Amino acid sequence: MDEPLVTRMRAFGTTVFAEMTGLAVRTGSINLGQGFPDTDGPPAMLDRAARAVLGGANQYPPGPGMPELRQAVADHNKAHYGLDYDPDGEVLVTVGATEALAATVLALCEPGDEVIVFEPYYDSYAASIALAGAVRRPVPLRPVDGRFAFDPADLRAAVGPRTRAVLVNSPHNPTGTVFTREELTAIAELCRERDLIAITDEVYEHLTYDGVEHIPMATLPGMRERTVMISSAGKTFSVTGWKTGWICAPAALVRAVQTVKQFLTFTAGGPWQLAVAYALREELDWVAGLRDGLAAKRDRLSDGLRAAGFEVYRPAGTYFVQTDIRPLGFTDGLELARRLPELAGVVAIPTQVFYDRPELGRHFVRFAFCKRDEIIDDAVTRLRRLRSNA
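Residues numbered from 1 in each chain as written. Predicted model: local features only at pLDDT ≥ 70, side-chain atom pairs only at ≥ 80, totals over all residues. Heavy atoms only, no water.

The name given to the protein chain in an unreviewed UniProt entry is Pyridoxal phosphate-dependent aminotransferase, and the organism recorded there is Sphaerisporangium aureirubrum. As its UniProt record puts it under Cofactor (unreviewed entry), the protein chain is described as follows: "pyridoxal 5'-phosphate". (UniProt positions renumbered as here; feature names shortened; annotations may be inferred.)

Okay, here's the thing in structure tokens:
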């Protein structure tokens, strides 16, 4: 039989995360590739989830999400950003941010529509756009003064008559960039001028460092009415396996997304929704401690990578440190990532797989620092072996 997979999805085989995690398991290497923490979230939140399971909250919740979580999300956005969303019509609970993104793109983009993405981009963006039959228009993020940034001229050049949306991820995975107000304003101006929708992936909204401010796109003038704001509990509360996310948007956009979402998963797990609703109200002090701890882990890993010979880009947010491998004599990140278990007993992610134009990121490799200190220290010790192989 010929390849049964539809043509538009044939470029999306096994994800790099599955490949590298499998490599870590087979070789017994330290996995600094996939971005999940190796410790759990706040105990009181976990207890709430367990009590909800044992208390019988195990059947279908309402399709839009449990009222408790929708209200908590609305209250959170009001308290932190001054954004007013009606929990009954402008908030939709999803199975993680990945489903939120896919359902949004499927709901709002016709075949042939164009979606602007900033490359490197999280791999599900490309897959979601392909599923919709839409077309990616990449805008590169390049190192400028120690951080990854875009040229506004490149952004404007990417817009055409079929452009429908701009997908904005800040704090940005995989570069660790947090877009500045000036950068977000440039995007917002273009959206208003060209009548574009902003789809914003803000899952790392609470994980910014050194006092760097996360600014939701929807807070900028004229943007609330054209922004689908996506976030989730996974990164904020260290429960990536709960897959509990949400969107906030004007009612018409939420209705469109829910129309698609109801035929993907219909609803998300009830016990996790109740626990996250509690956490959004009561556990943000815990999140502040998490943020401080992650900042220290970022510095711990960055210092170690620098000592091992990498050029390191200091991230302003997320779980990830971006490195340039050329000072060690390597030029191909994918090749190095596949050899790294043999050379150093560590697994990382080659950044080039997150580009439409891999040559732009061929010399970058991403490491995750959301791990216990002893794991980071062991990995750094192992990575020092690379100097002898350079």
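J.: Explain the sheet that holds strand β15 (residues 364-368) to me, and be specific about the residues and the numbers.
T.: A sheet is described by the order of its strands in space; here four strands give the open sequence β11-β12-β15-β14, paired in antiparallel fashion. With one partner strand each, in any of the chains shown, β11 (311-313) and β14 (349-350) form the two edges of the open sheet. As defined by bridge partners, β14 adjoins β15 across two bridges and the pair is classed as antiparallel. By the bridge assignment for β15, Pro350 is matched with Val365. (Pairing = 2+ DSSP bridges. Helix = DSSP H or I, 4+ residues; strand = E, 2+ residues; numbered from the N terminus.)

J.: An account of the UniProt feature "domain: Aminotransferase class I/classII large" (unreviewed entry) in the protein chain is requested, with residue identities and associated values reported.
T.: Annotation from UniProt places "domain: Aminotransferase class I/classII large" (unreviewed entry) at residues 30-382. Along residues 30-382, the helical share is 41% and the strand share 18%, with 9 Å between the first and last C-alpha atoms.

J.: Please provide a residue-by-residue account of the pairing of β15, values included.
T.: With respect to burial, β15 is a largely interior element, five of its five residues being buried. Judged by which residues are buried, β15 turns out to be covered on both faces: Phe364, Arg366 and Ala368 on one side and Val365 and Phe367 on the other are all buried. Pairing of strand β12 (residues 320-324) with β15, which is carried by five bridges, proceeds in the antiparallel orientation. Each residue of the ladder has a partner; that of Gln322, found in β15, is Arg366. (Buried < 20%, exposed > 50% of the residue type's maximum accessible area, 1.4 Å probe, protein only.)

J.: Summarise helix α9 (residues 251-261); cite the residues concerned and give the values.
T.: Three or more residues of α9 are buried, namely Leu253, Val254, Val257, Val260 and Lys261. One side of α9 carries all its buried residues, which in axial view fall inside an arc of 125°. Buried residues along α9 sit against β2 (91-94), α4 (96-108), β8 (197-201), β9 (227-232) and β10 (245-248). (Arc of directions from axis to C-beta. Contact = heavy atoms within 4.5 Å.)

J.: Outline the packing of α4 against helix α5 (residues 123-131), supporting the account with residue identities and numerical values.
T.: Look at α4 against α5: their axes get within 8 Å of each other, and the N-to-C directions meet at 30°. Put simply, α4 runs roughly parallel to α5. α5 is crossed by α4, and the crossing has right-handed handedness. Mapping the contact onto sequence places Thr98, Leu101, Ala102, Val105 and Leu106 in α4 and Ser124, Tyr125, Ser128, Ile129 and Leu131 in α5. Of the residues in the contact of α4 with α5, the class split is seven nonpolar, three polar and no charged. (Axes fitted to C-alpha atoms, helices over the stretch in contact; angles between N-to-C directions. Parallel < 35°, antiparallel > 145°, perpendicular 65-115°, else oblique. Left-handed = near helix turned anticlockwise from the far one by under 90°. Nonpolar A, V, L, I, M, F, W, Y, C, P; charged D, E, K, R; others polar.)

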